Amino acid sequence: MILGAILAIWVSNLVAAVVSMGIVGFGLALCFLFLEAPDLAIVQIVVEILSLVIILAAIMKTTPEDTKEARGPLRMTMYIGGAVFFIIFLVSFIRICGLLPEFGSPVLRMAGDYIGSGLQKTGAPNLVAAIILNFRGYDTLGEATVLFAAVVGLIVVLRKVGRKR
Amino acid sequence: MIYILPIILFLIALFGIVVKRNLIKIIISISIMEYAIFLFFALIGYRVEGVPPIEVEGVRYVKFVDPLPQALVLTAIVIGLATTALLVAIAVRIYQKYGTFDIEKMRKLKG
Amino acid sequence: MSEIVKTVSRLFSPLIFLFGIYITIHGHLTPGGGFAGGVILAGAVVLGILAYGGEKFGLTGKKNKASASESLGILLFWFVAILGLMFGGIFFLNFMGKGIPFHIFSAGIIPLCNIGIAVEVGGAISVIVLALILFEK
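Residues numbered from 1 in each chain as written. Chains lettered and ligands numbered in written order. Predicted model: local features only at pLDDT ≥ 70, side-chain atom pairs only at ≥ 80, totals over all residues. Heavy atoms only, no water.

A. View of the overall build of chain B. Counting its regular elements, chain B contains 4 helices and 0 strands. Starting at the N terminus and walking to the C terminus, you meet the elements of chain B as α-α-α-α. Across the 111 residues of chain B, 60% fall into the buried class. Summarising the internal contacts of chain B: among those between residues at least 6 apart in sequence, 49% fall at separations of at least 24. A total of about 4,400 Å² of accessible surface is found on chain B, and carbon and sulfur atoms cover 67% of it. (Helix = DSSP H or I, 4+ residues; strand = E, 2+ residues; numbered from the N terminus. Buried < 20%, exposed > 50% of the residue type's maximum accessible area, 1.4 Å probe, protein only. Contact = heavy atoms within 4.5 Å. Areas by Shrake-Rupley, 256 points an atom, 1.4 Å probe, with all protein chains shown as cover.)

B. Highlighting the overall build of chain C. Regarding its fold elements, chain C presents 4 helices and 0 strands. Listing each helix as α and each strand as β along chain C from the N terminus yields α-α-α-α. Counting across all 137 residues of chain C, residues that qualify as buried make up 47%. Residue pairs at least 24 apart in sequence account for 65% of intrachain contacts in chain C once pairs closer than 6 positions are excluded.

C. The arrangement of the side chain of Ser 9 of chain C in detail. By secondary structure assignment, the location of Ser 9 of chain C is in helix H1 (residues 3-25). Ignoring sequence-local partners within four residues, the contact set of Ser 9 of chain C consists of Pro 14, Leu 47, Ala 51 and Tyr 52 of chain C.

D. Inspection of the interface of chain A and chain B at higher detail. Taken residue by residue, the interface counts 86 residues in chain A and 70 residues in chain B. Between chain A and chain B we count 1 residue pair in polar contact (both at pLDDT 80 or more) in total. Looking at the side of chain A that touches chain B, the elements that each hand over two or more residues are helix H1 (2-10), helix H2 (14-34), helix H3 (38-61), helix H4 (73-97), helix H5 (111-122), helix H6 (127-135) and helix H7 (137-158) of chain A. Classifying every residue of the side of chain A that touches chain B gives 60 nonpolar, 12 polar and 14 charged. (Polar contact = N/O pair within 3.5 Å; in protein donor to acceptor, adjacent residues only side chain to side chain. Nonpolar A, V, L, I, M, F, W, Y, C, P; charged D, E, K, R; others polar.)

E. Inspection of H2 of chain A at higher detail. All names here are of chain A. For H2, built from 21 residues, the straight-helix expectation of 30 Å at 1.5 Å per residue is met to within 8% by its first-to-last C-alpha distance of 31 Å. The set of residues buried in H2 consists of Leu 14, Ala 17, Val 18, Ser 20, Met 21, Gly 22, Val 24, Gly 25, Gly 27, Leu 28, Ala 29 and Phe 32. Backbone geometry just downstream of H2 places Glu 36 in the positive-phi region, at approximately 60 degrees. (Expected span 1.5 Å × (residues − 1).)

F. Fine view of the packing of aromatic side chains. Enumeration according to the criterion identifies 3 aromatic pairs over all chains in this entry. Ring centres 6.3 Å apart and planes at 75 degrees place the aromatic pair Phe 93 of chain A and Phe 40 of chain B in the edge-to-face group. Taken together, the positions of Phe 93 of chain A in helix H4 and Phe 40 of chain B in helix H2 (residues 23-45) put the pair across two chains. Taking the relative accessible area as the measure of exposure, Phe 40 of chain B reaches 16% and is therefore buried. (Phe/Tyr/Trp six-rings, centres within 6.5 Å; stacked < 30°, edge-to-face > 60°.)

G. Structural context of the packing of H1 of chain C against helix H2 (residues 34-52) of chain C. All names here are of chain C. Contact geometry of H1 with H2 gives a least axis separation of 8 Å together with a crossing angle of 165 degrees. With respect to their mutual orientation, H1 and H2 come out roughly antiparallel. In this structure, H1 meets H2 at a crossing whose hand is left-handed. Contact residues: H1 offers Val 5, Lys 6, Ser 9, Arg 10, Ser 13, Ile 16, Phe 17, Phe 19, Gly 20, Ile 21, Ile 23 and Thr 24, while H2 offers Ala 36, Gly 37, Gly 38, Ile 40, Leu 41, Ala 44, Val 45, Leu 47, Gly 48, Ala 51 and Tyr 52. A breakdown of the residues in the contact of H1 with H2 according to their chemical character gives 14 nonpolar, 7 polar and 2 charged. (Axes fitted to C-alpha atoms, helices over the stretch in contact; angles between N-to-C directions. Parallel < 35°, antiparallel > 145°, perpendicular 65-115°, else oblique. Left-handed = near helix turned anticlockwise from the far one by under 90°.)

H. Local environment of the confidence of the model for chain B. For chain B, the mean per-residue pLDDT works out to 79, and 85% of the residues sit at or above 70. Per-element mean pLDDT across chain B ranges from 69 in helix H4 (residues 103-109) of chain B up to 85 in H2 of chain B. (pLDDT = per-residue confidence, 0-100.)

I. Geometry of H1 of chain C. All names here are of chain C. For H1, built from 23 residues, the straight-helix expectation of 33 Å at 1.5 Å per residue is met to within 8% by its first-to-last C-alpha distance of 34 Å. The sharpest bend along H1 comes to roughly 25 degrees, located at Arg 10, with the proline Pro 14 sitting one to four residues further on. Taken residue by residue, H1 has Ser 9, Ser 13, Gly 20, Ile 23 and Thr 24 as its buried positions. (Bend = angle between axes of the 7 residues up to and from the residue.)

Right, here's the structure in full:
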């Protein structure tokens with residue numbers, strides 16, 4: 001996955017970059033399967049296919065060529081800035097890493113309750129469905145509203161005719 | 001220490017956002033950042049020798065994987081698709097107006 | 001598109017659609033649920049669009065059915081939530097009976113909400129792909 005990400009950033013053809021992003025996405029779906037999350041794996045596979053279709057449709061309507069990279073001091077400044085970001089975040093995250101719970105034994109403060117009494121309270125064996133629709137219904141309602149707003153914005157942006165001024 | 005892998009993925013995508021000048025490349029980098037965050041959440045919820053959080057009739061498991069991060073990520077994936085599509089739409093509009101994906105040229109052409 | 005693509009997509013698109021419906025209504029028993037089912041429904045629609053072009057569906061106009069189904073899905077979700085409010089005084093109350101676990105008619109409002117979410121997500125993603133592919137200039 002990390003190789004796919006590096007490829008997606010570095011390759012100079014945009015179609016190849018999108019395919020490299022596909023490597024990352026399908027690798028993510030495999031990781032979800034290994035991490036015992038079948039719901040996420042199903043959604044991730046289909047979403048990855050659809051997002052590849054969307055970005056490819058946009059590229060086919062425009063141009064598949066990457067922009068020319070400028071040379072000079074500005075370029076070097078950008079690279080150095082990126083590297084500094086990289087190192088600072090990496091070091092600070094390694095410091096933080098000690099505070100996280102050990103891998104493989106999460107702290108089940110809320111979820112312990114959900115696991116223990118989810119079946120009795122909701123009657124749904126799939127605990128993920130029970131959480132997103134019963135315990136945390138407001139969250140899902142908000143997400144559905146965000147999805148609606150995003151689609152309305154997309155239609156407004158892409159509409160063929162605007163109002164004449 | 002396996003948490004370091006999604007963070008490296010995240011940082012590569014951040015590097016891409018900072019360095020690249022093509023709009024489609026920036027959108028791809030944002031998508032990879034989202035994937036890194038999803039992977040991080042799934043790693044936080046994992047439990048050694050856990051089973052998926054789905055109860056089977058007649059069997060009583062105790063060691064479920066944490067279902068809460070999975071529920072959060074499940075909604076976030078679909079929202080990520082919608083927002084990516086919105087970004088792509090704006091990029092296509094910008095291309096039709098300026099004829100390029102280069103953000104520097106766009107700034108020059110503005111005045 | 002060529003004839004082979006059209007034939008294969010005509011064979012497979014209804015099957016994918018059926019699979020999406022199955023995943024949606026079994027969402028509280030097996031992996032899946034409203035989001036996965038909705039995305040698979042949208043995948044079936046997108047396959048048809050890519051093979052035949054949008055004219056087949058009569059969706060080139062400003063208003064189309066996918067947009068209507070999206071609005072209807074989110075309205076259904078709100079409606080179920082407000083029903084909980086009316087019946088029990090609490091928003092999002094699980095007002096229906098729990099039923100017998102591990103059967104398809106169980107778990108109160110969860111299957112209804114799953115169907116609402118599936119319709120909403122499927123409509124939304126179909127609208128996205130339609131708008132990106134069909135709107136010229």
